[in-house]
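The primary structure of each chain is shown beneath.
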2 protein chains.
Amino acid sequence: MLEQYNCLIAQSGGPTAAINASLAGIISRALYYHTNGAKINRIYGSLHGIQGVLSETLIDLTDIFLSEPEKIETLKYSPSMYLGSCRYKLPDYTTESSDYTEICNILQKYQIKYFFYIGGNDSMDTVAKLSGYIKHICMDVKVIGIPKTIDNDLACTDHTPGFGSAAKYIATSLLEIAHDTSIYDLKSVVIAEIMGRNAGWLTAASALARNSYNTAPHLIYLPECPFSEQDFLSEVSKQLEQRNHVIIAVSEGIKDNNGNYISAKGSKKDKFGHVMLCGTGRVLEELVSEHFSCKVRSIELNVLQRSASHIASLTDINESFILGEQGVEQAISGKSGVMITSIRTSNFPYRIEYSVSSIDTIANLEKKVPRKWIHENGTDITEEFLEYLRPLILGEVPLHYKDGLPMYLSLKHI
Amino acid sequence: MLEQYNCLIAQSGGPTAAINASLAGIISRALYYHTNGAKINRIYGSLHGIQGVLSETLIDLTDIFLSEPEKIETLKYSPSMYLGSCRYKLPDYTTESSDYTEICNILQKYQIKYFFYIGGNDSMDTVAKLSGYIKHICMDVKVIGIPKTIDNDLACTDHTPGFGSAAKYIATSLLEIAHDTSIYDLKSVVIAEIMGRNAGWLTAASALARNSYNTAPHLIYLPECPFSEQDFLSEVSKQLEQRNHVIIAVSEGIKDNNGNYISAKGSKKDKFGHVMLCGTGRVLEELVSEHFSCKVRSIELNVLQRSASHIASLTDINESFILGEQGVEQAISGKSGVMITSIRTSNFPYRIEYSVSSIDTIANLEKKVPRKWIHENGTDITEEFLEYLRPLILGEVPLHYKDGLPMYLSLKHI
C-alpha cells in the first residue's frame with residue numbers, strides 16, 4: 001500500500017483579486033495527486049490563516065471541489081480570501097513556543113505533510129518561523145510560502161500576485177477619472193490617493209492610464225521620494241499654467257524630509273506595528289484649496305483596488321494559479337521553508353519562469369521602487385519602469401455574470 | 001432641390017457612462033438622414049453645452065463619424081461627455097433676453113433646424129427655457145431634450161440613462177466590498193457612501209449586491225427618510241449582535257428631522273443653489289467609532305460610480321442609444337419642447353417603449369423614491385423596488401481593450 005499524506009492550505013494578510021487564484025491552483029494540483037498516485041489524500045483548508053490552525057477550525061475541501069470541479073474556475077476569479085484571513089504574528093519560538101506546540105499537534109492530528117501559506121510580507125514571517133521550528137524539531141512537514149500582495153513589495157520575485165490586477169484597476173480608474181474630470185471648461189485639480197505604505201509600485205501603475213489622448217496622471221508622488229509641500233505647490237502651479245485639468249496620483253504613504261507621514265492620521269498603528277494611513281489625498285486637497293482658486297477634489301481608491309475582481313488582469317490571475325500549482329510540485333519534491341518566485345526571462349515577448357527562494361531571504365523585507373525608475377524631480381516614472389509594468393495588466397478575465405453581477409465563490413454567508 | 005437642414009447636439013450636467021451612448025444614437029440616426037434623403041445636412045456638436053453655443057465653439061461632427069463609422073460604436077461605450085459639459089443656468093427670458101438673442105443668432109448662422117440637448121434636471125431647464133423662447137419668437141428650430149442622469153430623478157420617465165450603469169457599478173462594488181470585509185474573524189462596520197442629493201435611487205441599487213451567500217448591505221439609508229442618529233446606533237447595535245460584519249449603504253444626502261444634512265460640509269452651494277455634499281460616510285464612521293469598539297471604515301464610491309464604463313450595463317447603454325435615435329425621429333416629425341421618455345410596459349419579461357413628454361412637466365422636478373418602496377423603519381427597500389431595479393443592470397458591454405485598458409473615444413487631449 002502506498003503511503004498517503006494530507007495537505008493544509010491557509011490564506012493570510014490583506015485581500016487581493018488573485019489570492020484565490022493561487023488557492024485554486026493548489027487545490028487543482030493537489031486534486032491531481034489525490035486522484036493520480038495518491039501522493040495527497042485529503043486537502044484541508046484552515047479558516048482565518050494560522051489562527052484557524054491554532055483554533056482547529058479546519059475544513060475538508062477535497063469533496064467540495066472534487067464533486068464540482070467547475071468551482072475551481074469560479075474560485076480562480078473570485079476576490080478576497082475564500083478561507084478567510086488573519087493578522088496574527090507568531091512569537092519568536094526560542095522565547096515563546098506554546099503556539100508552535102499547538103500548531104504541530106494539529107498538523108500531526110490531521111496527518112499534514114504539506115502546509116501551504118498564501119500571503120504577503122507578514123505571512124512570509126509566519127512561514128519562516130514555522131518552517132524554522134519544524135526543522136528544529138525534525139518534524140516531516142513541508143512548509144511552502146505562496147506570494148500574494150497588491151503592494152508588489154516582496155523580495156526575490158519579479159512581481160507579486162494581486163499586483164497586476166490592482167494595477168489594472170488603478171489604471172482603468174485613472175483613465176475614467178480623466179474622462180470625468182476633463183468635461184468642464186474650468187481649471188481643476190484632482191488628487192487620486194492610492195494604496196502603498198512604503199513602496200510606490202501601485203501609485204506608479206497609474207501611469208499606465210496614459211494613451212494617445214490622455215497624459216494624466218500629470219504628477220506622480222511615491223513614498224520612495226521625500227515629499228516637499230513647497231515643491232508640490234510649485235509643480236501644481238506649473239501644471240495649471242499648461243492645462244485646465246491637473247490629475248495627480250499620490251501614494252497614501254508619502255512622507256516629508258523628516259520621515260513623517262503627510263497623512264493627517266499618521267499616528268494609529270496596527271498589530272504588526274505598521275502606521276495606519278488615511279487621508280493623504282484629503283491633506284493635499286486642502287493644501288491645493290488654500291493656494292489655488294480652482295476646483296479641487298480628492299478621490300481615495302479605497303479597498304476596491306485590491307478586491308475589484310471584475311477588472312482583474314488575466315495575466316495576474318493565470319500566473320497566480322500557476323504559483324499555486326508550483327507550490328504543490330515543490331512540496332512534493334521535498335522543498336520546505338521556501339517561497340515560490342517569478343523570474344522575468346524576457347520582456348519582448350514577456351516571459352516568466354518559476355523558481356523558489358529561501359524564505360529567510362524574503363520574510364520581513366520590503367522591495368521598494370528603484371530610484372533609477374523615478375524621474376529626478378520625483379514627480380514621474382521612467383519609460384523603463386513602464387516597460388516593466390505594461391505586461392502585468394494584460395488580458396481580461398472570462399467572468400460569468402448572473403442577474404447583471406459577477407458570479408463569485410464564497411465559503412461563508414456574509 | 002430638396003431643402004436641407006443642419007442639427008446641433010450638446011451635452012450638459014454631470015457625467016454618466018451612458019450620455020455618450022445617446023450622443024452616438026443621435027449621430028447614428030442623423031447620419032442616416034444625412035445619407036438617405038438629405039433631411040439633415042451637417043451634424044454640429046457644441047463644446048461645453050449651451051456655453052459652447054454662446055461662445056460659438058461648434059465643431060462639425062459629420063465627417064469624423066462618416067469617414068470612420070466604427071467610432072460610433074466606441075463612442076457608445078465611452079464614459080463622460082465627448083463634447084464636454086457646462087453648468088450654465090439660462091436666465092428668465094422675460095427679464096433678461098441677451099443670451100437668447102445670441103443663441104438664436106448662432107442657430108441661424110449655422111442653419112440649425114434641430115437642437116438636441118442631452119442632460120439631467122438642470123439641462124431640461126435649459127431645454128424648457130430655450131424652446132419656450134424659440135416658440136415665443138416663432139423661429140423654426142425643434143428643441144429636443146434627451147434625458148441623462150445617474151440620479152434617476154427625472155419625472156415622466158421610467159428611469160434615466162446612466163442610472164443602470166451606475167447601479168451596476170454600485171452593486172458590483174458592494175459585492176466586492178462584502179468579500180473584502182468578511183475575511184477577518186473580527187467585528188467590523190463598513191459604511192459605503194453613495195451619490196444622491198435628494199433621491200435615494202442609487203443607494204437603493206446597492207441592494208442588488210445581495211445573492212445566495214451575501215445579505216449585505218445590511219442597512220440602507222436613503223434621503224427620503226429623516227435620519228436619526230439614535231435609531232441608527234440602535235440598528236447598528238442590533239446588526240452587530242447578529243453578525244460579525246455589518247455593511248451599510250448610505251446616501252450622501254441623508255438629512256435629520258429638521259432637514260439638515262448629516263454631512264459635515266453641508267454649507268457650500270453650487271451655481272444652481274444645490275448644497276454640495278461630502279463626508280456623510282465619514283460622519284457616520286466617527287459616530288460608530290465613538291459608540292462601538294469594532295473596526296470601522298467608510299468608503300466613498302466617488303466619481304467612478306458615474307464614469308466606470310468598464311462595468312456599464314448593456315441594457316442602459318442600448319436604451320440610451322435608442323433614446324438618441326428617438327430624439328432625431330421626434331425632431332424630424334416636428335416635435336419641439338419635449339423630452340424623450342421611457343415607459344415600462346412589462347416587467348416579466350422586461351419591455352420598454354419610447355414616447356415624449358412636454359418639457360414643462362419635467363424641468364426642475366425631482367422624482368424621489370416612493371415611500372411605499374422603503375421599509376417602514378427606513379433601513380431597507382421592498383421586493384417591489386428590487387423588481388423595478390433588477391432589469392436595469394442586465395448585460396455587459398462588449399468593450400475592446402488595448403494594452404490591458406478599455407478603448408474609449410475622446411475628442412480632447414487630457
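Residues numbered from 1 in each chain as written. Chains lettered and ligands numbered in written order. Predicted model: local features only at pLDDT ≥ 70, side-chain atom pairs only at ≥ 80, totals over all residues. Heavy atoms only, no water.

1. Thoughts on the side chain of Ser251 of chain A
Residues and elements named next belong to chain A. Looking at where Ser251 falls in the secondary structure, it is placed in strand β8 (residues 245–251). Within the structure, Ser251 has its side chain in polar contact with the backbone oxygen of Gly196 (distance 2.8 Å). Excluding anything up to four places from it in sequence, Ser251 contacts Ile194, Gly196, Thr203, Tyr221, Leu222, Pro223 and Thr280. (Helix = DSSP H or I, 4+ residues; strand = E, 2+ residues; numbered from the N terminus. Polar contact = N/O pair within 3.5 Å; in protein donor to acceptor, adjacent residues only side chain to side chain. Contact = heavy atoms within 4.5 Å.)

2. Things to note about the relation of the copies chain A and chain B
Superposition record for chain A on chain B: RMSD 0.0 Å, screw rotation 180°, translation along axis 0.0 Å. Both copies of the chain, as the preceding transformation shows, are related through a two-fold rotation axis. Taking the C-alpha atom as reference, chain A places Glu300 of chain A closest to the rotation axis, 3.8 Å from it. Most of the interface of chain A is mirrored in chain B, where 100% of its interface residues again form contacts. (Least-squares fit on C-alpha atoms with pLDDT ≥ 70 in both.)

3. So, helix α6 (residues 121–136) of chain A
For α6 of chain A, built from 16 residues, the straight-helix expectation of 22 Å at 1.5 Å per residue is met to within 8% by its first-to-last C-alpha distance of 22 Å. With 13 of its 16 residues buried, α6 of chain A lies for the most part within the structure. (Expected span 1.5 Å × (residues − 1). Buried < 20%, exposed > 50% of the residue type's maximum accessible area, 1.4 Å probe, protein only.)

4. Re the nonpolar core
Core analysis: the largest hydrophobic core is formed by 114 residues, its most contacted members being Phe385 of chain A together with Phe385 of chain B. Residues within four places of Phe385 of chain A in sequence aside, it is in contact with Trp201, Ala204, Val369 and Trp373 of chain A. (Core = buried A, V, L, I, M, F, W, Y, C linked by side-chain atoms within 4.5 Å.)

5. Some details on the side chain of Gln11 of chain B
All names here are of chain B. Relative to the assigned elements, Gln11 resides in strand β1 (residues 6–11). At a separation of 3.1 Å, a polar atom in the side chain of Gln11 contacts the side chain of Asn20. Here the side chain of Gln11 touches Leu83 through a polar contact of 3.0 Å, landing on its backbone nitrogen. In this structure, Gln11 is in contact with Ile19, Asn20, Leu23, His48, Gly49, Met81, Tyr82, Leu83, Gly84, Ser85, Cys86 and Ile118, ignoring residues within four places of it in sequence.

6. As for helix α9 (residues 229–242) of chain A
Residues and elements named next belong to chain A. Over its 14 residues, α9 runs 20 Å from end to end, which matches the ideal 20 Å to within 8%, given 1.5 Å per residue. Residues of α9 that are buried include every one of Phe232, Leu233, Glu235, Val236, Gln239 and Leu240, and no others. Mapping the buried residues of α9 onto a view down its axis gives an arc of 160°, with all of them on the same face. What points out from α9, more than 90 degrees from its buried face, is the exposed set Gln230, Asp231, Glu241 and Gln242. Summarising the contacts, the buried residues of α9 are in contact with β6 (188–194), β7 (219–221), β8 and α10 (280–291). (Arc of directions from axis to C-beta.)

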